[in-house]
Amino acid sequence: MGHTSLEKIIALQKKTPHIRNLCILAHVDHGKTTLADCLVASNGIISSRLAGKLRYLDSREDEQIRGITMKSSAISLHYTTGGNEYLINLIDSPGHVDFSSEVSTAVRLCDGAIVVVDAVEGVCPQTQVVLRQAWLENIRPVLVINKIDRLIVELKLTSQEAYTHLQKILEQVNAVTGSLFTSKVLEERAEKDAEAQSSCTENGSGDQVYDWSAGLEETDDSDLYFSPDRGNVVFASAIDGWGFSIHQFAEMYSQKMGIRSSVLLKTLWGDFYLNAKAKKIMKGAQSKGKKPLFVQLVLDNIWSMYDAVVTRRDKEKVEKMVTSLGLKVMSRDLRHSDPKVLLSAICSQWLPVSQAVLSMVCEKLPSPAEISAERVEKLMSVGARRFDSLPEQTQELKKAFLDCSADETAPVIVFVSKMFAVDSKALPQNKQRPLTQEEIAQRREQARQRHAERQAANQSAENALCAQTEALSVKTAVEEDNKEHFVAFARVYSGVLRKGQKVFVLGPKYDPSLALRALPEGCSAADVLPSVPHMACCTVDSLYLLMGRELEELDEVPTGNVLGIGGMEEFILKSATISTSPSCPPFTPLNFEATPIVRVAVEPKHPSEMPKLVRGMRLLNQADPCAEVLIQETGEHVLVTAGEVHLQRCLDDLRERFAKIEISASKPIIPFRETVIRPPKVDMVNEDMGKQQKVAVIHQVKEEQTKYPEGVQVDSTGLVTLTTPNKMATVGVRAIPLPEEVTRLLEDNVELIRTMEQFSLFAWEDKTLDINQKILENIQEFKVKLESNLQGRKWRGAVERIWAFGPRRCGPNILLNSVEGYRRPSVWQCLEREKETEKAEIRDFDNSIASGFQLATLSGPMCEEPLMGVCFSVETWDMKLSAPLAQQDSIDEDSQTAEPNIDNQNESSDTHETNAAGSSVDCYGPFSGQLIAAMKEACRYAFQAKPQRLMAAMYTCEIMATAEVLGRVYAVLSKREGRVLQEEMKEGTDMFIIKAVLPVAESFGFADEIRKRTSGLASPQLVFSHWEVISSDPFWVPTTEEEYLHFGEKADSSNQALKYMNAVRRRKGLYVEEKIVEHAEKQRTLSKNK
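Residues numbered from 1 in each chain as written. Predicted model: local features only at pLDDT ≥ 70, side-chain atom pairs only at ≥ 80, totals over all residues. Heavy atoms only, no water.

Looking at an unreviewed UniProt entry, one finds the protein chain named Elongation factor-like 1, with Cyprinus carpio carpio as its source organism.

### Here we look at the overall build of the protein chain
A count of helices and strands for the protein chain gives 35 helices and 34 strands. Counting only residues that meet the buried cut, the protein chain has 50% of its 1090 residues in that class. Within the protein chain, residue pairs in contact and separated by at least 24 positions form 75% of the contacts whose partners lie at least 6 positions apart. In the structure as shown, the protein chain presents an accessible area of about 54400 Å², 51% of it carried by carbon and sulfur atoms. (Helix = DSSP H or I, 4+ residues; strand = E, 2+ residues; numbered from the N terminus. Buried < 20%, exposed > 50% of the residue type's maximum accessible area, 1.4 Å probe, protein only. Contact = heavy atoms within 4.5 Å. Areas by Shrake-Rupley, 256 points an atom, 1.4 Å probe, with all protein chains shown as cover.)

### Considerations on the packing of helix H22 (residues 610–623) against helix H23 (residues 644–658)
Relative to each other, H22 and H23 sit at 120 degrees, their axes nearing to 10 Å. With respect to each other, H22 and H23 are oriented oblique. As for how H22 packs across H23, the hand of that crossing is right-handed. Where H22 approaches H23, its residues Leu613, Arg615, Gly616, Met617, Leu619, Leu620 and Ala623 are matched on the opposing element by Cys650, Asp653, Leu654 and Phe658. Residues that form the contact of H22 with H23 fall into these classes: eight nonpolar, one polar and two charged. (Axes fitted to C-alpha atoms, helices over the stretch in contact; angles between N-to-C directions. Parallel < 35°, antiparallel > 145°, perpendicular 65-115°, else oblique. Left-handed = near helix turned anticlockwise from the far one by under 90°. Nonpolar A, V, L, I, M, F, W, Y, C, P; charged D, E, K, R; others polar.)

### Brief notes about the packing of helix H2 (residues 32–41) against helix H16 (residues 353–364)
A pair of packed helices can be characterised by two numbers: the angle between their axes and the separation between those axes. In contact at an axis separation of 9 Å, H2 and H16 are set at 90 degrees when each is read in the N-to-C sense. As the angle between them shows, H2 and H16 are arranged roughly perpendicular. Where H2 abuts H16, its residues Leu35, Cys38 and Leu39 lie against Val353, Ser354, Val357 and Leu358. Of the residues assigned to the contact of H2 with H16, the class counts are six nonpolar, one polar and no charged.

### What about the sheet that holds strand E14 (residues 535–539)?
Read across the sheet, eight strands follow the order E14-E13-E19-E10-E11-E18-E15-E16 without closing on themselves; strand pairing throughout is antiparallel. If you trace the sheet from one side to the other, it starts and ends with E14 and strand E16 (550–554), each paired once. Neighbour to neighbour, the strand axes of the sheet diverge by 40 degrees on average, direction disregarded. Inspection of the sheet shows strand E10 (residues 413–423) paired to strand E19 (residues 576–579) by four bridges, in the antiparallel sense. Across the sheet, residue valine 416 finds its bridge partner in E19, namely alanine 576. (Pairing = 2+ DSSP bridges.)

### Points about the side chain of aspartate 1033
Mapped onto the fold, aspartate 1033 is located in the loop between strand E34 (1019–1029) and helix H34 (1041–1047). Of the polar contacts made by the side chain of aspartate 1033, one reaches the backbone nitrogen of phenylalanine 1035; its length is 3.0 Å. In this structure aspartate 1033 touches Gln948, Arg949 and Asn1055, once residues within four positions along its chain are discounted. (Polar contact = N/O pair within 3.5 Å; in protein donor to acceptor, adjacent residues only side chain to side chain.)

### Let's talk about helix H33 (residues 1006–1013)
Since the α-helix advances by 3.6 residues per turn, residues separated by three or four positions end up pointing in the same direction. Phe1006, Ala1007, Glu1009 and Ile1010 are the residues of H33 that are buried. Relative to the axis of H33, the buried residues are bounded by an arc of 165 degrees and lie together on one face. Buried residues in H33 make contact with H23, strand E31 (948–962), helix H32 (966–975), strand E33 (991–999) and E34. Of the residues one or two after H33, serine 1015 is the one with positive phi, at around 55 degrees. (Arc of directions from axis to C-beta.)

### Some thoughts on the pattern of salt bridges
The tally for this structure, following the rule as stated, stands at 42 salt bridges. Measuring nitrogen to oxygen at the nearest pair gives 2.6 Å for the salt bridge that ties aspartate 300 to lysine 291. The residue glutamate 553 makes a salt bridge to lysine 499 at a minimum N-O spacing of 3.0 Å. Here glutamate 553 is found in strand E16, whereas its partner lysine 499 is found in the loop between strand E12 (497–498) and strand E13 (502–506), with 54 residues between them in sequence. (Salt bridge = Lys/Arg side-chain N within 4 Å of Asp/Glu carboxyl O.)

### Remarks on a positive patch on the surface
Taken together, Lys425, Arg615, Arg618 and Lys660 make up a surface patch of like positive charges. Examined against the element boundaries, lysine 660 turns out to sit in the loop between H23 and strand E23 (663–665). Classification of lysine 660 as partly exposed rests on a relative accessible area of 43%. (Patch = residues over 30% accessible without salt bridge, like charges linked within 9 Å, V, L, I, M, F, W, Y side chains within 5 Å. Lys, Arg positive; Asp, Glu negative; His and termini not counted. Charge placed at Lys NZ, Arg CZ, Asp CG, Glu CD.)

### Observations concerning the pairing of strand E26 (residues 720–723)
As paired elements, strand E25 (residues 712–714) and E26 share three bridges and run antiparallel to each other. Counted as the bridge partner of glutamine 713 is threonine 721 from E26. Hairpin connection of E25 to E26: five residues between the antiparallel strands, including glycine 718 at a positive phi of 95 degrees. Where E26 lies against strand E27 (residues 729–737), four bridges are found, and the strand directions are antiparallel. Each residue of the ladder has a partner; that of leucine 722, found in E27, is valine 731.

As structure tokens, this is what we get:
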């Protein structure tokens, strides 16, 4: 097929039913980009000989060097099948776990996906991840089982064994989709049952019997699974250029054998065989020991082809095959020394992979016009907002989505999933065009003139200065030229987007209901409008057709197409929704599988280049969907990335593209958390802690007691009482470890806690915040879960007494109000507004206590890292405010009248419940600062009074390795403090899958080390999983006799937790207690100097 002209593609863009938007998803190295090459070659964009070697869509230099894709890139292809012409917008996506955010950006813009699976490795961890991403975005997948040549050449399977192996792979893929489907059905079923149950309880009916399977039998899941007879599976070897679906062979054999193709379609895959005598297709090939049809008619032919061409190199047989298939093979291919060249020459004509894949895509994947109502509602419902709760005008837009019409009246709705940087030379308007004869002559004349001027300039110093200034101006012009341009990677969901059109850019936090109240009805982006938060008006600068490494300029793009939009860098940071209607909601945020965890501090080699670095980091933040850029309190510029490969790519981009300066990056900053645990039952030598240990501990406590500064008392139960320097207030705080489930619950519900905080803040200012019913239900459920996890005597009524969460008001730590007789508004106010409670008075300085807690949880005493899983219970809080102090602290002179109220505020008495408005104490005076500091210190001492531990961030690590290198993999894991969770052998292969957990702190260089030690036979996938307490105590010293015997008096064997803690302290410039050896060359001996 020849090269498709731009005019042809523009014409096809208008036929929405004939457009297919799809992405290629797979595990790393399963052959996505090679398959994309074959499809691109079918359009004549690259030579079919180079398909698979060129990796056309990997346009970055580091992608070519590493051999992996690092970004998603799009290309438009033209394909004709069954008399219809189709436009296929193909997006190639990365398979490496570090770049899974790029997969999310690609999946959002598509209606279908090609899932590629390696025939040898089968379903890998990332395959499951991409199938889940496709499922979450409601897009339809089709399957390509790639690298079948490896079954013949590497594993040397017979055709019968290969058939069994392929069946297993199909089962594995279907098992993944089946589990996703089942979970969804059961969720819906549970919701229905909950509603039914609530109605039953109202009607007072009896017990209900719960039937789990009920939902599954009713639901239709036939279009969900992959099966070759349904036409959604292609078997291929992209590197050799061949691929087929059963459909092709059914057509081929129906003519030869005189059997209807519809019969062959049903029987070619499955337990059927051909009875040669009766000339009938019969069932039960396996039980009768016959060859299945698929093996006999399909695989045997391919196996004999490989045998003749690659294994035996039988020229006569090859020629016979070529003539019987009616193919034309060039004589130079027949004579070529590499048999693979001949093989791909024959196969790419006999069974071209592009034809098999593209015809499957056109038949099986939906067009943009077939978008499901469920998917539209999911896209339009941001956060916990239900579709029903959106404003009416917004709900009406659902029709525009479903119609997918390109009328003048249809509102324009576009979603931008990411911004990508393009060199200014790559923009169509800056492309070099061939010069005409006149222009060449003109340039020659200019060069001559310049040369003459330069010679004249050399004669006088004055002219030399002019030349310098001229050179300077030329240089600035060149710099301007090299400026990075950003193109928005987007898709039109409704209407026609035109160049020069005025549109609204809606940020991810935009709320259409607020905007509709503020804006006049029927307004457009061209009008002068009042400002609305998270909404900007802008003009569309330029529209581009994305063609892999090139961009083509367009004037308009109709609905259903993938496109690039220029000139949006001022308005869009990473993703946004563009519309001509202000009632359009922002689309649901993208589902990112990888969490950025690897941090490095970046600084320029030459400090004078700091502004360039700042600008470069801003551009990098915009160009990468997953990278984050922060400036810490210490003034460091920190780059947060998803993993080592991602970090390397970001630093290379900074050096070469965005900042264009030399930079130095620190060693990775590893995050830790600090926590307290319940006192351990056994000591370091696994002995029960007897009386001897307790005596030692008491001695220790007595020694430590002297360390506490004046005004701090710590009793034996861990209650810390601290008085402020002006002796006006005393606070008593105790630290309690939270159960693990509670910590996890708090981490998972950060958004809900934030909403509750916001509500409390509004209530404090006597405003109301509208929270929709769904969120209130979620908060109620969260509260119930908290109550169920906080069981036992010491947690009685704790949930109702929660004062605040921290750090940053939404973290995994709790402040409890255990002060007798002090009632304050609950954090669960938003749930209680229906039942009007009597107004609980907030005591003066209530906020100071909360602020002290926030500061304490943000940086703990061990190494100034945030706390996690700690509950601080405020047990006493006494205030002794004298009249002169109140007068001195007060801003308002008139407020002295209310002084008597505050004279003797005692803990148990109710006198402190004075009216907040009439209180004479200034809550923002110097005293509040003292109270914040006191509370912070009290929390820190309370934390130190309990057994302290560090928590390390952990990766889950999945490694695929062959049996012979298993030992080496284990050696690397154990050296790096890894822990193996399970290992299982993959059926039908000699591959083992090892699942392990590994501390992030030990993971740098892990992938490289594993590859080196196993000669590249094992490769790990690291994904951030959870936080885990490091069991060893960083402050441990031997106390019992057994410990002295075991560890020696100094106990200087390496303590992992202490090592991590000191490394963090050293990095932050805090005091590190360590012995420094001076004069190490002087050797000390026991004997006297001789």
